[in-house]
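# Survey of secondary and tertiary structure
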Amino acid sequence: MGRDVEAVIEALKIALEEARNANDETWWKVDAANRWINRLPGAWTGRWRDLKLKGDSGGDVDRNEFIGHLRATLAYLEANREAIARAWSWSKHRRPAKQNEDPIDADFDDVAPSKAKLPRTGKAVRLIK
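Right, let's walk through the structure included here. The shown structure was predicted, so the numbers you read here are calculated from the model rather than taken from an experiment. (Residues numbered from 1 in each chain as written. Predicted model: local features only at pLDDT ≥ 70, side-chain atom pairs only at ≥ 80, totals over all residues. Heavy atoms only, no water.)

## Topic: the packing of aromatic side chains
Under the convention used in this document: What counts as a ring pair is set by centres within 6.5 Å for rings of Phe, Tyr and Trp (its six-membered ring), and what kind of pair is set by the plane angle: stacked under 30 degrees, edge-to-face over 60, tilted for all other angles. Each helix corresponds to a stretch of at least 4 residues labelled H or I by DSSP, and each strand to a stretch of at least 2 residues labelled E; elements are numbered beginning at the N terminus. The cut-offs for exposure are 20% and 50% of the maximum accessible area for each residue type, with area from a 1.4 Å probe on protein chains only; residues under the lower value are buried, those over the upper are exposed, and the others partly exposed. Two thresholds decide whether a charge sits over a ring: the Lys NZ or Arg CZ must be within 6 Å of the ring centre and within 35 degrees of the ring normal.
All chains considered together, the criterion is met by 1 aromatic pair. With 5.7 Å between their ring centres and 45° between their planes, Trp28 and Phe66 make a pair best called tilted. Of this pair, Trp28 sits in strand E1 (residues 27–29) while Phe66 sits in helix H3 (residues 63–87), and the two are 38 residues apart along the sequence. By relative accessible area, which is 12% here, Trp28 ends up buried. Geometry around Trp48 places Arg47 over its ring, the cationic atom sitting 4.9 Å from the centre.

## Section: the environment of Arg81
To be explicit about the condition: By definition in these notes, contact holds between two residues if any of their heavy atoms fall within 4.5 Å.
When you line up the elements, Arg81 lands in helix H3. You can call Arg81 partly exposed: its relative accessible area is 25%. Setting aside residues up to four positions removed in sequence, Arg81 forms contacts with Val5, Glu6 and Ile9.

## As for the nonpolar core
Just so we agree on the cut-off: Nonpolar cores were defined as sets of buried Ala, Val, Leu, Ile, Met, Phe, Trp, Tyr and Cys residues, with membership established by side-chain atoms within 4.5 Å.
The biggest cluster of nonpolar side chains holds 25 residues, and the ones touching the most others in it are Leu12, Leu40, Trp48, Phe66, Leu70 and Leu77. At 7 residues, helix H1 (residues 2–21) tops the list of elements feeding residues into this core. Beyond its immediate chain neighbours, meaning those up to four positions away, Leu77 contacts Val8, Ile9, Leu12, Leu40, Leu51 and Ile84.

## Here's the deal with the pattern of salt bridges
When their charged atoms lie close together, side chains carrying opposite charge are able to pair. Selection criterion: Criterion for a salt bridge: a side-chain nitrogen of Lys or Arg within 4 Å of a carboxyl oxygen of Asp or Glu.
Using the criterion set out here, one finds 4 salt bridges in the structure. Its salt-bridge partner being Lys13, residue Glu78 comes within 3.2 Å of it at the nearest N-O pair. On the criterion of sequence distance, the pair formed by Glu78 in helix H3 and Lys13 in helix H1 is long-range, its members being 65 residues apart. The exposure class of Glu78 is partly exposed, given its relative accessible area of 31%. Overall, Lys13 belongs to the partly exposed group, its relative accessible area being 34%. Between Asp60 and Lys29 there is a salt bridge; the shortest N-O distance is 3.1 Å. Pair noted here: Asp60 is in strand E2 (residues 60–62) and Lys29 is in strand E1, with a separation of 31 residues, a long-range link. Among the charged side chains, a network of salt bridges with common partners joins Glu10, Lys13 and Glu78.

Structure representation (structure tokens):
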């Protein structure tokens, strides 16, 4: 997960540099930053929604605001990169390692169906084992 955070930081640096060099454009699409923030570990849970840039109804934002937001986001991610990677490293270790996959030796007995009628109590209940 540390590589994911590093990759997002590098992508945001490139987006920031492009925005700084585009002197003729006054509006910038928020998706240029948000698509990279969505790749942070845990973004699918909504964890990074405060880092996402919010634009107008067309998804545009003033270039100076875009640059300022990206600089702040990069500063936050760079200062907390180790904690972010550590907090989300559990997902790789969630599945236990494969154990010995020998078949289980078990005895099964057939049970004959019962012809006796069971009394009705009023509410049906299903028991699942």
